Amino acid sequence: MKTVVSVQEIAELEIKPATEVAHWRRLVATEIAARWKNRADWISLSCPACKTGTFYNAFERLGIAYVECTDCGTLYAPKRPGEAALRDWYRESEPSRFWRERLLPVSAAARQEKIVRPRADWVLDGIAEYTPQARRLVDVSQHGRTLLNAIAQGAPGLTELVAAGVTADLEGASTARLEVRPSSTQELHGLGTSDVVVAVDVMDRAADPQALVRALERLLTPAGVLFATFPVASGFEVQTLWQDSPSIFPPDKLNLPTVDGLMRLFAAPGWEMLELSTPGMFDVETVRQALAARPDHPWPRIVRALVERTDAEGRENLVEFLQTRRLTSFARLVARRSP
Ligand SMILES: [Zn+2]
C-alpha cells in the first residue's frame, strides 16, 4: 500500500471567503435548530467504521452529540437523521442552497485550480496505474460535476460517466457521454456496475457508512477501483482541538473515522487498499490559529512548543512528519474491490 507525502491537499473551507463561511455556519446552526427540533425519527448507529457499539462521550456540536469508538477511535454522531432527511437537507435547506448558489460560485476559480485540478490528476493517475482499461465511472460525490468534467476530459477511454451524487441534477444536465442520475444508497445498484467509483467527501455525511460501503462494493466490477476522500479524527488538528475543532460541523461531518477505522472499513477479503494517505496541509496552521485566538486557554505545553514556539520551517517539517505518519485530519484512499 502506498502513502503519498507532500501533496498540497486543500479543504473546501480553506479557499472560501471567511465572511461568507461565517454566514454559512450561522445558517447551518439556525437550520439544524429549526429543521431537526423533533428527532423522534432519527436513527441510531454503532461505530460506522468497525461496528463496535461501545463508546466514550466526546462533545456536542450544534446540539448533536459526538462519541468516540472505544475500539478504533472513530468520532461519530450515534444519533442522526436518516438518509432521506439528509438528502432533503442537501437539496433544499437554506445553508445548502447558500453553499451551492453563493459559496461555490465565489470560489469557483480557486476551487478549480487548488482542489479540482489536483484531485482530477490524482484520479487520472490512479486510473492509468490501476485500471487503464476502465470504460465506466460513477461519481457519488456532492458538487462533483467540475471534477467529473475534468476527469472526462483527461481520460478519453472512459466512454460512460454517471453523476450519481444526491445533488447531481442541480449541478448540470446530462450529455451524450455523461448521465446525470442522483441516487440514494439503495438505488446505486440500479446504475449497473462500474470500473471506477469516485466518492469525494461522501462518507463523512452518510447516514449509514457501512451500508454505503457495501453499496459501493456492489457497484464496482470485480477488481474495480474506488477513489475516496474523508476527514479523519486521528489527525493532529482534530486530536489537538477536539471539541473546539472548527472543521467538525454537522451534518457534513457526522462520521470521522480514524486511519485505523478506514483500514477496517476497507479490509480484505472485500477490498485491497492500494493507497491510503493523509495529504492534509492545514492541520498545523489551523491549530496555530486556534492557539492565537485563545492565548490564555490551557493548551498542552507540547502543542505550544511544536506549533507556537517554532518557526515557519519548523511548522512545515511538522506537516511533512504528520503526512508521513498518516496523522493529518484529511485522508484519501484508493481501494480495489476483490476480483
Ligand atoms: Zn470503531
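Here's a quick rundown of the structure. Everything numeric here is computed off the predicted structure, so don't read it as measured data.

**Some details on unusual backbone geometry**
Now for step 1: In this structure, the amide linkage connecting Pro250 to the following residue, Pro251, adopts the cis form with an omega of 0 degrees.
Now for step 2: Of the consecutive residues Ala268 and Pro269, the connecting peptide bond is found in the cis state with omega at 5 degrees.
Now for step 3: You can see Pro269 is positioned in the loop between helix H8 (259-265) and strand S12 (271-277).
Now for step 4: Backbone geometry at Arg326 places phi at a positive 55 degrees, although glycine is not the residue there.
Now for step 5: As for its position among the elements, Arg326 is in the loop between helix H11 (312-324) and strand S13 (330-337).

**Thoughts on the packing of aromatic side chains**
Now for step 1: This model, assessed by the stated rule, comprises nine aromatic pairs.
Now for step 2: Centroid distance Phe59 to Trp242: 5.7 Å. Interplanar angle 85 degrees. Geometry classified as edge-to-face. Here Phe59 is found in strand S2 (residues 55-61), whereas its partner Trp242 is found in the loop between helix H7 (236-241) and strand S11 (255-256), with 183 residues between them in sequence. Each member of the pair, Phe59 as well as Trp242, carries the same accessibility label: buried.
Now for step 3: Geometrically, the ring pair formed by Trp122 and Phe227 is edge-to-face, given 5.4 Å between the ring centres and 90 degrees between the ring planes. Placement of Trp122 in helix H4 (residues 108-130) and of Phe227 in strand S10 (residues 220-231) is noted, with a sequence separation of 105 residues between them.
Now for step 4: Take Trp122: its relative accessible area is 8%, and that puts it in the buried class.
Now for step 5: Among the aromatic residues, those joined into a cluster by ring pairs are Trp24, Trp99 and Phe249.

Procedures and definitions
- Residues numbered from 1 in each chain as written.
- Predicted model: local features only at pLDDT ≥ 70, side-chain atom pairs only at ≥ 80, totals over all residues.
- Heavy atoms only, no water.
- Helix = DSSP H or I, 4+ residues; strand = E, 2+ residues; numbered from the N terminus.
- Phe/Tyr/Trp six-rings, centres within 6.5 Å; stacked < 30°, edge-to-face > 60°.
- Buried < 20%, exposed > 50% of the residue type's maximum accessible area, 1.4 Å probe, protein only.

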